[in-house]
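Each chain is listed here by its residues.
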Amino acid sequence: MLYHHITLARSDLRKFKNLRVVVRMGSGCDNVDLKAAAELGIAVCNVPGYGVEEVADSALCLILNLYRRTYWLATMVKEGKKVAGPEGIREAAAGSARIRGDTLGIVGLGRIGTAVALRAKTFGFTVIFYDPYLHDGVEKSLGITRVYTLQDLLFQSDCVTLHCSLNEHNHHLINDYTIKQMRPGAFLINTARGGLVDEHALASALKEGRIRASALDVHENEPFSFSNSPLKDCPNLICTPHSAFYSDQSVTELREMAAGEIRRAIVGRIPDSLRNCVNKDYFTSSSTSKLNYPEGMNGSGSGYPYNPLIHSTTEPPLSGTPHAHMPAHSTLPTLPTLPESSSMINHQSQKPDSAESH
């Protein structure tokens, strides 16, 4: 099991002669060489379902802080500054804005992006999103608006929030060029991956006022330190320590889901039995046939009778029990999995890959 601050390159993976599965304790897998792992017969899995609510709630919390300047106003009071009268309030709360009617642009409509969209609508935002790899009609089911280029999203949005994973195509997705395409005075929030934002370009935009305020939970270099960051002298900036995913409940959920994937690896076949294998497309018949798994461990021998129709937290039915051989939800058609990756963005979710990363 692997956390986001540990990196596994090809040279690292070669050292683990008996390694067969890596479970990333989170959704983003940019810290593992997926192709090299597959070539070595190592499945890489993530846990895309945990912490969705926590990250979405944190994103909305940061958005509300930028709009209503709660963080800065609370800091003033804590520091003993006296704010009184209309003029004093005007000066202290300068930059506060009304939410209703503003446009929130979401980059990457995976699990977390969708959760943010639903929450933002409740606050009165007009919600738009950019995601070139989602099927048509998703916007209709959510009651939001789709745009088909990143440029359109940046041009139309009063507030931009990032919810995509990091890959070789979208590093520094927000840079000096794309910042210039944003509305003057827009807000920027990033709870996805630090490498999506060029911090030098963001620092310049904040100091020049092109971006009114920004909130970052993730950073290019972590653990984050203001003293070593180009953002250290920036006004109107909130930084948190990659903690958006955290709650007591989400950490328990993460461990249980990761353990469930390990169980599927032990009792089933790698990679076919795994629910959230992110490098399955890199596997070839030669990379799995040469592994010589022991019987009962990813082989067809007399191991545990794995049944992919059974939910991972349930025991397999006995052969004599009713419905033992009936497929689950037999009246429902098998639906294709929506691809959630692109050359520009990758969701914080299971992908041919964002997203989501934590």
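Residues numbered from 1 in each chain as written. Predicted model: local features only at pLDDT ≥ 70, side-chain atom pairs only at ≥ 80, totals over all residues. Heavy atoms only, no water.

Asker: I keep staring at the overall build of the chain and nothing clicks. Help me out?
Answerer: Looking only at helices and strands, the chain features 12 helices and 11 strands. As presented, the chain carries roughly 18000 Å² of accessible surface, and 54% of it is formed by carbon and sulfur atoms. (Helix = DSSP H or I, 4+ residues; strand = E, 2+ residues; numbered from the N terminus. Areas by Shrake-Rupley, 256 points an atom, 1.4 Å probe, with all protein chains shown as cover.)

Asker: In this structure, what is going on with the packing of helix α3 (residues 52-68) against helix α6 (residues 111-122)? I would like to understand it.
Answerer: Packed helices, taken two at a time, are described by the angle their axes make and the gap between the axes. Where α3 contacts α6, the axes come no closer than 9 Å and their chain directions differ by 50°. The angle between the axes of α3 and α6 places the two elements in the oblique class. Crossing geometry of α3 relative to α6 is assigned as right-handed. In this structure, α3 contributes Val-52, Glu-53, Val-55, Ala-56, Asp-57, Ala-59 and Leu-60 to the contact, and α6 contributes Arg-111, Ile-112, Ala-115, Val-116, Arg-119 and Ala-120. Looking at the contact of α3 with α6 residue by residue, the classes come out as 9 nonpolar, no polar and 4 charged. (Axes fitted to C-alpha atoms, helices over the stretch in contact; angles between N-to-C directions. Parallel < 35°, antiparallel > 145°, perpendicular 65-115°, else oblique. Left-handed = near helix turned anticlockwise from the far one by under 90°. Contact = heavy atoms within 4.5 Å. Nonpolar A, V, L, I, M, F, W, Y, C, P; charged D, E, K, R; others polar.)

Asker: I tried to follow unusual backbone geometry on my own but got confused; where do I start?
Answerer: Peptide bonds are mostly trans, and most non-glycine residues show a negative phi. In this structure, Pro-223 follows Glu-222 across a cis peptide bond, with omega equal to 0°. Structurally, the position occupied by Pro-223 is in the loop between β9 (211-216) and β10 (237-239). In this structure, Pro-271 follows Ile-270 across a cis peptide bond, with omega equal to 5°. Backbone geometry places Arg-69, a non-glycine residue, at a positive phi of 55°. Here Arg-69 is to be found in the loop between α3 and α4 (70-78). Using a relative accessible area of 10% as the deciding quantity, one classes Arg-69 as buried. A positive phi angle, close to 55°, is found at His-172, a residue other than glycine. With respect to the helices and strands, the residue His-172 is situated in the loop between β7 (164-165) and α9 (176-179). (Buried < 20%, exposed > 50% of the residue type's maximum accessible area, 1.4 Å probe, protein only.)

Asker: Explain the pairing of strand β8 (residues 186-190) to me, please; I cannot follow it from the model alone.
Answerer: Put simply, side chains in a regular strand alternate between the two faces of the sheet. For β8, the buried fraction is high: 5 of the 5 residues fall into the buried class. Residues Ala-186, Leu-188 and Asn-190 line one face of β8 and the alternating positions Phe-187 and Ile-189 line the opposite face, and both faces are buried. One ladder, built from 4 bridges, connects strand β6 (residues 159-162) with β8; its direction is parallel. Looking at the pairing, Cys-159 lines up with Phe-187 of β8. Pairing geometry for β8 and β9, over 5 bridges, is parallel. Looking at β9, one finds that Ile-189 is bridged to Ala-215. Each parallel crossover has a hand, and the one from β8 via helix α10 (residues 199-208) to β9 is right-handed. (Pairing = 2+ DSSP bridges. Right-handed = clockwise from strand over helix to strand, strands pointing away.)

Asker: Help me out: how do you make sense of the confidence of the model for the chain in this one?
Answerer: The predicted coordinates should not be examined in detail at positions where pLDDT is low. Taken over all residues, the pLDDT of the chain has a mean of 84, while the share at 70 or more is 79%. Here residues 346-356 is a poorly scored stretch, pLDDT under 50, and it has 72 contacts once near neighbours within four places are set aside; other chains count. (pLDDT = per-residue confidence, 0-100.)

Asker: Just checking my understanding: could you explain the packing of aromatic side chains for this structure?
Answerer: Two aromatic rings are characterised by how far apart their centres lie and by the angle between their planes. This structure, assessed with the given rule, holds 6 aromatic pairs. Ring centres of Tyr-67 and Phe-187 lie 4.6 Å apart, and the angle between their planes is 45°; this geometry places the pair in the tilted category. On the criterion of sequence distance, the pair formed by Tyr-67 in helix α3 and Phe-187 in strand β8 is long-range, its members being 120 residues apart. By relative accessible area, Tyr-67 is classed as buried at 0%. Between the aromatic rings of Phe-224 and Phe-226, the centroid separation amounts to 5.0 Å while the plane-to-plane angle is 75°, which identifies the pairing as edge-to-face. Geometry around Trp-72 places Arg-69 over its ring, the cationic atom sitting 4.4 Å from the centre. (Phe/Tyr/Trp six-rings, centres within 6.5 Å; stacked < 30°, edge-to-face > 60°. Lys NZ or Arg CZ within 6 Å of the ring centre and 35° of its normal.)

Asker: Explanation requested: the environment of Leu-13 in the structure shown.
Answerer: Structurally, Leu-13 is set in helix α1 (residues 10-13). It is 9.1 Å that separates the C-alpha atoms of Leu-13 and Val-32, two residues lying 19 residues apart in sequence. For Leu-13, the residues in contact, after removing those within four places along its chain, are Leu-8, Leu-19, Asp-33, Ala-36, Ala-37, Leu-40 and Ile-42.

Asker: Can you help me understand the pairing of strand β3 (residues 103-107) in this one?
Answerer: Counted residue by residue, β3 has 5 buried out of 5 residues, so it is predominantly covered. Here β3 shows a buried face lined by Thr-103, Gly-105 and Val-107 and a second buried face lined by Leu-104 and Ile-106. Of the pairings in the sheet, the one linking β3 to strand β4 (residues 126-130) comprises 5 bridges and is parallel in character. Bridging from a neighbouring strand, Leu-104 pairs with Val-127 of β4. The pairing of β3 with β6 spans 4 bridges and is parallel. Residue pairing in the sheet places Gly-105 in a bridge with Val-160 of β6.

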